[in-house]
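So you can see what is in the structure, the chains are spelled out below.
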Amino acid sequence: MALISIIKDFRPKIDYYLISKANELTPTLKHKIKEPVGGFKLKERYSQEKNDIELESLSKLSIGKGENLCLDFGEHLVGYPTFELSFSGSHPDAPAYIKLKFAENFKELSENSSEYNGWLSSSWIQEEYVHVDIIPSRLVLHRRFAFRYVKITMLDTSPKYKLIINHAECRTESSADWHRVKMPEIEDKMLSDIYNVSLKTLANCMQEVMEDGPKRDRRLWVGDMRLQALTNYISFRNNNLVKRCLYIFGGSRFPDGRVSANAFVKPNIEADDTYLFDYAQMYVACLEEYLEETGDDEALKDLSPIAFEQIEYGLSHISNGLPDDEIVKATFIDWNEKFDKSACALAVMIYSLDYGISLAHRAGDEKRAEKYTEVQKHLRAKARELFWDNDKKVFVSGGQAVQATQIWMVLAEVITGKEAAELMRKVPELGKEVSMDTPYIHHYCVMAMIKAGLKDEATEYIKWFWGGMIKAGADTFWECWDGKNEDVSPYGGSMLNSYCHAWSCTPAYIIKKYLIQN
Ligand code: RAM
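This one's a predicted model, so the numbers in the text were calculated from it and none came from an experiment.

Moving on, we come to the domain arrangement of the protein. Domain assignment breaks the protein into domain 1 (33-172) and domain 2 (207-515). Relative placement of domain 1 and domain 2: their C-alpha centres are 39 Å apart. Between domain 1 and domain 2, the buried area comes to about 2,100 Å², and carbon and sulfur atoms account for 58% of it. Three residues stand out in domain 1 for area buried against domain 2, namely K107, W124 and R144, and they jointly supply 31% of the buried area on that side. Across the domain 1-domain 2 interface, the total number found is 3 salt bridges. With a closest N to O distance of 3.5 Å, K107 and D487 form a salt bridge.

Structure representation (structure tokens):
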């Protein structure tokens, strides 16, 4: 929670040229009509016990006061639902007062939102209270929902009639074009399932921007966007969407030029007042990777100065290899905040310099490339000197040898070759008191394994972690996952968790780019 800031009277610095470019790149959304494939009634309003119903009998099933009806659309959808309503009994002489609860997974369906008291707003919980005055009628919802299930509960009606849901459908929305995807052949069934679920996760997050999650927060976050962009290059190849996101972050920034951690697009493009040091460095990586993919000279010219600013800002907060409090406190890495992030902050800086160097070469700025190369060499040596415990053969930051620190040091190539492989083999057993809570850090863990040459281990890790979600019923990957604790959540309650989350979409990218021959 410490990572979320509120800056009084925050006024981002706006670059209208970049904003107008971002607006020009707004994608056209694609739609499909989806209907339920099954239904049931929950025995109690908040229980998981259910009685299945035949969909064919839907038009004969009426819901009276206190009763519920759940529809199962069979897969995770993002879109606008519509219900055809009619009645049984006498002419409706009072409004039907109903509650609609949309749920991405079954567990969520039977949760009672009044029991949530975490720190994120409960207004994200997808439920609507609606009065329907005229029946028969068509109930069209104008809010977009992310869901597989919907529960309709009759809160009140008159004794003279009961409600019937004759038909339901959802008009889905996404800017991903499945026709552009070339599915590779993957022999391993679990790996192939993981691949498909990764792409579905990405597709459902690809809207007018690369959203972090279509349930919540429904906006752009740099850390998520970078991972979405990578997965997009091997699948939907909607490179203009990545470009639009890069321009959004460039077009509205902190007054001192820093790239914000996330941005709103409605009613207008506007940076949020949260700065995350590592996310701003991921902007550099994301831009360089986009340019590598597209060779887009316009974006190079418009956005590389912004990327260099992020690097300069970071470097100005590191002295003698030690990142200062300001950037350490603004370093995310993972939702688990119970560890010292100094070593990670330094490693992220070194990692970002890799992309800064390539970007400088690309921009023909050899002087800058040379300077960054020197600085990077110095910081790598410092990282080893300050954080490597030669007896225990691990990196220690603030007295702790946590997994995330080892991962980022390997990614920053502070340690390489056999030493890196040895270290990464140790990671699963290390610092268990500080768990890794999000697929975001698990992604970087797999990338560190690959960097250390441990491809078999990386494959097994993907099957264990993301495969675990599939075994638990996921058809899009979740924001948080811990096989031993289904209630894990950074938000003080899993009701706010998102079950289709951008930063979880990367296995397809990793599999295609590093783990299979194509
Ligand atoms: C979560 C968002 C997003 C992530 C930030 C740091 O609230 O959903 O995915 O990037 O936190």
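Okay, back to it.
Attention now moves to the layout of surface pockets. There is about 540 Å³ of room inside the largest pocket. In terms of lining residues, the largest pocket is bounded by 21 residues, among which K432, H442, W464, D482 and K484 are the most central. Of all the elements, helix α14 (residues 455-471) adds the most residues to the lining of the largest pocket, at 5 residues. Its residues assigned to classes, the lining of the largest pocket comprises 10 nonpolar, 5 polar and 6 charged. Of the pockets and cavities examined, the second largest pocket occupies roughly 460 Å³. Every residue lining the second largest pocket is counted, 21 residues in all, and those nearest its centre are E289, Y355, Y509, K513 and Y514. Within the residue set of the lining of the second largest pocket, elements represented by two or more residues are α4 (222-233), α6 (277-294), α9 (342-362), α13 (439-451) and α15 (507-515). Broken down by element, the lining of the second largest pocket gets its largest block of residues, 5 residues, from α13.

Moving on, we come to the state of the cysteines. The term disulfide refers to a covalent linkage connecting the sulfur atoms of a pair of cysteines. What the rule picks out here adds up to 0 disulfides. Between C344, a cysteine without a disulfide, and C445, which holds the nearest cysteine sulfur, the sulfur-to-sulfur distance is 12 Å. There is no disulfide at C480, and the cysteine sulfur nearest it, in C500, is 14 Å away.

It is worth spelling out α6 at this point. With 18 residues, α6 ought to run about 26 Å at 1.5 Å a step, and its terminal C-alpha atoms sit 26 Å apart, in line with that. Of all 18 residues in α6, 15 are buried; the element is thus mostly enclosed. G295, located one to two residues past α6, shows a positive phi value of around 65 degrees.

What follows covers the site of the ligand. Neighbouring residues of the ligand: D212, R216, D217, W221, D224, Y279, F332, W335, E479, Y491, H501 and W503. In the environment of the ligand, an oxygen atom lies 2.5 Å from a nitrogen or oxygen atom belonging to the side chain of D224. Separating an oxygen atom of the ligand from a side-chain N or O atom of W335 is a distance of 3.5 Å. Protein chains bury 97% of the 300 Å² of accessible surface belonging to the ligand in isolation. Here the residues of the shell around the ligand sort into 6 nonpolar, 1 polar and 5 charged.

Parameters at a glance
Residues numbered from 1 in each chain as written. Predicted model: local features only at pLDDT ≥ 70, side-chain atom pairs only at ≥ 80, totals over all residues. Heavy atoms only, no water. Domains from an automatic or database assignment. Buried area = accessible area lost by both parts, 1.4 Å probe. Salt bridge = Lys/Arg side-chain N within 4 Å of Asp/Glu carboxyl O. 1 Å grid on protein atoms, 1.4 Å probe; cavity = no way out; pocket = protein on both sides within 12 Å on 5 of 7 lines; lining within 4 Å. Points joined across faces, edges and corners; volume = space filled by probe spheres on them. Helix = DSSP H or I, 4+ residues; strand = E, 2+ residues; numbered from the N terminus. Nonpolar A, V, L, I, M, F, W, Y, C, P; charged D, E, K, R; others polar. Disulfide = S-S within 2.5 Å. Expected span 1.5 Å × (residues − 1). Buried < 20%, exposed > 50% of the residue type's maximum accessible area, 1.4 Å probe, protein only. Near = heavy atom within 4 Å. Polar contact = N/O pair within 3.5 Å; in protein donor to acceptor, adjacent residues only side chain to side chain. Areas by Shrake-Rupley, 256 points an atom, 1.4 Å probe, with all protein chains shown as cover.

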